[in-house]
Amino acid sequence: MTKLVTIYLALFMYTNAFAQLSEPVFDVFSFGAVGDGKKIDMEALQKAIDACAGTGGTVYLHNGTFLTGQLKLASNITIFIDSTATLLGIQNNSQKYYPSQLIETRYPNRMLDDCQRRLIYGKNVSNVHIKGSGTIDGQGDFEPWLNTKELGTEKDRPGIFAFVASTNISVSNLTLLDPACWTQVYIECDSVTISTLTINSGTLTPNRDGIDIVDCHNVLIENCNIKSEDDGICFKSGSEFGCKNVVVRNCTIDKLNVRAGNCFKLGTDGLGSFLNFDVSGLTLKNAFQNTGIVIESMDGAIIDNLCFSDCTIENCGQAFFILLADRKRTVPGRKPRIGAISNIQFKNIKGKAFTQQYPSIITGIKGHNVQNISFENVQLTLKGGEKSNNQTVMEYDGKYPEGSYFGNTPAWAFFIRHTDMVSFKNCTFETKNNDVRNWLVSENVGKILVTE
């Protein structure tokens, strides 16, 4: 009886999964896949993708572990990785399996050298959907990818996904494990949906971000559970295309108490714009000495109209870091410029169990102020405990920008410099330990408004 029930249950699950597939269906076993996790199924999987290309149908992975190197996608297809399937990145550094390919973009882009190797690659494709309830394991714990003594090796280590200059892309309901570098990157894409992913990048080497969005428009990220060695969700701009019209909601980002990276970040690379962001329902935690929410314009980016609401921050060094500065970086055909940061709202944010004594920092540079930052119903319980208030805060000096780099300040909640207008409405800030500093210190600030 038990055996019969098991058979019926397996048949039901198979039938239910098959019902989700868009026809025609291209079962990878029909193309020679073995699925034992030992034989390399790269050729069979690519044949299935090529056969499915343009049909609107589905490449179906099920009942196996499929070992492969890079797979190249085509338009108008769905890749369905069933709960019974794992796509396994081969541990081999050969160009045969992970060819190094320069990213080709529509606009001059400062990030062309990054992310040259990947497990799944979509370039100039449209209407591509990768889903299921299965697993993609990058197997990034491979010796040639572990000997990373310093930053700058992103191009040499394969991530899991890379989409470039593509439209109508969705990745959903998957578990993504252990990339050798950035888990996934989307560059100069339009209409991207990333939904219900479980991501664990591991902590073996640097640059293991959870999600990287580079110069994309119309992006939705929702219901993701992210554990990342480096930045959890990071928006970058390497070209004038910029990032705009973005919704991020109901995600958990756990930084695993690694010293590098932040939970949610806009910037580091910021040449274009970051416009119209609605970010809500985030749980941000375990950033060690770094920050829950980071907003940076370093290379001329225009940042405007961002709203963060209903978020919690816990066990991080700092709640907020906002920096407008000038690294004089650019791309061919564009003179270096200084960008702008304006109209940023934080509503209903709670933070506790901070690990460091420094406050949140909002700062521009001389002659270029941050504009119109508002906090409403923000409640922070800071660490405190500082016994002196004579700290000197440096001006930004051109090095890699982190809030922790500025060190302690003569304030325990907020240090604000080179800013036009900051408002606090119905906010509560307190310290866990007695602190002699003021909660707020400002330098060269036009107006600070505190109301109940």
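As the structure is a computational prediction, the values presented were derived from the model and not from experiment.

## Looking at the overall build of the chain
Here is step 1: Broken down by element type, the chain carries three helices and 34 strands.
Here is step 2: Against the 2.2 N^0.38 benchmark of 22 Å for 452 residues, the chain shows a C-alpha radius of gyration of 23 Å, consistent with a compact globule.
Here is step 3: Projected onto its principal axes, the C-alpha positions of the chain cover 70 × 60 × 40 Å.
Here is step 4: By residue count, 56% of the 452 residues in the chain fall in the buried class.
Here is step 5: Taking the contacts inside the chain whose residues are at least 6 apart along the sequence as the reference set, 77% of them involve residues at least 24 apart.
Here is step 6: In the structure as shown, the chain presents an accessible area of about 17700 Å², 48% of it carried by carbon and sulfur atoms.

## Some details on the packing of aromatic side chains
Here is step 1: Under the criterion given, the structure shown has 25 aromatic pairs.
Here is step 2: Look at Phe424 and Trp439: their rings are 5.3 Å apart centre to centre, the planes differ by 80 degrees, and that puts the pair in the edge-to-face class. Placement of Phe424 in strand β32 (residues 411–425) and of Trp439 in strand β34 (residues 438–451) is noted, with a sequence separation of 15 residues between them.
Here is step 3: For Phe424, a relative accessible area of 2% translates into the label buried.
Here is step 4: Looking at Trp439, the relative accessible area reads 27%, which means it is partly exposed.
Here is step 5: The structure contains a cluster of three or more aromatic residues connected by ring pairs, namely Phe235, Phe264, Phe274, Phe277, Phe308, Phe320, Phe346, Phe375, Phe414, Phe424, Phe429 and Trp439.
Here is step 6: In this structure, Arg106 is placed above the aromatic ring of Phe241, and the distance from its NZ or CZ to the ring centre is 5.0 Å.

## Quick word on the state of the cysteines
Here is step 1: Overall, the coordinates contain zero disulfides when judged by the stated rule.
Here is step 2: Here Cys243 stays free of any disulfide, with the sulfur of Cys216 as its closest cysteine sulfur at 6.0 Å.
Here is step 3: Free of any disulfide, Cys251 has its nearest cysteine sulfur in Cys224, 4.6 Å distant.

## As for the side chain of Asn109
Here is step 1: With respect to the helices and strands, the residue Asn109 is situated in the loop between β7 (85–89) and β8 (118–123).
Here is step 2: Within polar-contact distance, the side chain of Asn109 engages the side chain of Asp215 at 3.3 Å.
Here is step 3: Beyond its immediate stretch of four places on either side in the chain, Asn109 contacts Ile187, Glu188, Asp215, Gly238, Ser239 and Val331.

## Side note on the environment of Ala162
Here is step 1: Position of Ala162 relative to the elements: it lies in strand β11 (residues 159–164).
Here is step 2: Once residues lying within four places of it in the same chain are set aside, the contact partners of Ala162 are Arg118, Ile120, Tyr121, Gly122 and Val185.

Conventions and cut-offs
- Residues numbered from 1 in each chain as written.
- Predicted model: local features only at pLDDT ≥ 70, side-chain atom pairs only at ≥ 80, totals over all residues.
- Heavy atoms only, no water.
- Helix = DSSP H or I, 4+ residues; strand = E, 2+ residues; numbered from the N terminus.
- Rg over C-alpha atoms; globule rule 2.2 N^0.38 Å.
- Buried < 20%, exposed > 50% of the residue type's maximum accessible area, 1.4 Å probe, protein only.
- Contact = heavy atoms within 4.5 Å.
- Areas by Shrake-Rupley, 256 points an atom, 1.4 Å probe, with all protein chains shown as cover.
- Phe/Tyr/Trp six-rings, centres within 6.5 Å; stacked < 30°, edge-to-face > 60°.
- Lys NZ or Arg CZ within 6 Å of the ring centre and 35° of its normal.
- Disulfide = S-S within 2.5 Å.
- Polar contact = N/O pair within 3.5 Å; in protein donor to acceptor, adjacent residues only side chain to side chain.

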